[in-house]
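Structural characterization, general
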Amino acid sequence: KGQSIHSKKSKIENYSTGKGGFIYSRDSIINFNSSIFEENFSNEIGGVGYFESSQVILNNCKFSNNIAKLNGGIFSILESNLNIQFTQIISNKAG
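What this report covers is the structure whose coordinates are included nearby. (Residues numbered from 1 in each chain as written. Predicted model: local features only at pLDDT ≥ 70, side-chain atom pairs only at ≥ 80, totals over all residues. Heavy atoms only, no water.)

This part is about the overall build of the chain. Counting its regular elements, the chain contains zero helices and 15 strands. On C-alpha atoms alone, the chain measures out to a radius of gyration of 12 Å, which is about the 12 Å that the 2.2 N^0.38 rule sets for 95 residues. With the principal axes as the frame, the chain shows a C-alpha extent of 30 × 25 × 20 Å. A total of 95 residues make up the chain; the buried ones form 38% of that total. Within the chain, contacts between residues separated by at least 24 positions form 84% of all contacts whose residues are at least 6 apart in sequence. Within the structure as shown, the chain displays about 5300 Å² of accessible surface, and the carbon and sulfur contribution to it stands at 45%. (Helix = DSSP H or I, 4+ residues; strand = E, 2+ residues; numbered from the N terminus. Rg over C-alpha atoms; globule rule 2.2 N^0.38 Å. Buried < 20%, exposed > 50% of the residue type's maximum accessible area, 1.4 Å probe, protein only. Contact = heavy atoms within 4.5 Å. Areas by Shrake-Rupley, 256 points an atom, 1.4 Å probe, with all protein chains shown as cover.)

Formed by 13 residues in total, the largest nonpolar core has its most connected members in Phe-37, Leu-58, Phe-63 and Phe-75. Looking at this core, the elements with two or more residues in it are strand E5 (29–33) and strand E9 (55–59). Filtering out sequence-adjacent residues up to four positions away, Leu-58 remains in contact with Phe-32, Phe-63, Phe-75, Leu-82, Asn-83, Ile-84, Gln-85 and Thr-87. (Core = buried A, V, L, I, M, F, W, Y, C linked by side-chain atoms within 4.5 Å.)

Before going further, it helps to examine the pairing of E5. Residues of E5 alternate between two faces, with Ile-30 and Phe-32 buried on one and Ile-29, Asn-31 and Asn-33 left unburied on the opposite face. Sheet topology note: the strand E1 (residues 4–8)/E5 ladder contains five bridges and is parallel. In the strand pairing of E5, Ser-4 is matched with Ile-29. Of the pairings in the sheet, the one linking E5 to E9 comprises five bridges and is parallel in character. When the sheet's bridge partners are listed, Ile-29 is paired in E9 with Gln-55. (Pairing = 2+ DSSP bridges.)

Read from one edge to the other, the open sheet built from three strands follows the order E4-E8-E12, with strand pairing classed as parallel. Two strands close off the open sheet at either side, each with one partner strand: strand E4 (23–26) and strand E12 (75–78). Ignoring strand direction, the axes of neighbouring strands in this sheet form an average angle of 5 degrees. Sheet topology note: the E4/strand E8 (residues 49–52) ladder contains four bridges and is parallel. Paired with Ile-23 across the bridge in E8 is Gly-49. (Axes fitted to C-alpha atoms, helices over the stretch in contact; angles between N-to-C directions.)

Let us now look at the pattern of salt bridges. In the structure shown here, the tally under the stated rule is three salt bridges. In this structure, Glu-13 engages Lys-11 in a salt bridge whose closest nitrogen and oxygen atoms are separated by 3.8 Å. With a closest N to O distance of 3.4 Å, Arg-26 and Glu-52 form a salt bridge. With Arg-26 in strand E4 and Glu-52 in strand E8, the pair connects residues that are 26 residues apart, well separated along the chain. A relative accessible area of 33% means that Arg-26 is categorised as partly exposed. The network of salt bridges with shared partners includes Lys-11, Glu-13 and Glu-38. (Salt bridge = Lys/Arg side-chain N within 4 Å of Asp/Glu carboxyl O.)

So yeah, pure geometry; function would need other evidence.
Listed below in structure tokens is the structure:
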């Protein structure tokens, strides 16, 4: 809660949790640049991330084969700002 994450050229692969396969964020600033998110899984919502009251910036990223059991194959977003630019979204699933 209330944190900042800034990451460049990361590869996030095969993470698995309940809400948000890789990241659960509340009241935070999240910034990923030139990063790859592949084959992450959530038992609930948001295959890669769950964002609540957060600011999320994604630039030049790739999201592929991420899965959420209920909804939000890539993200579940509640009262957050999401800015996505120059990003590939390939074969992500929910439900």
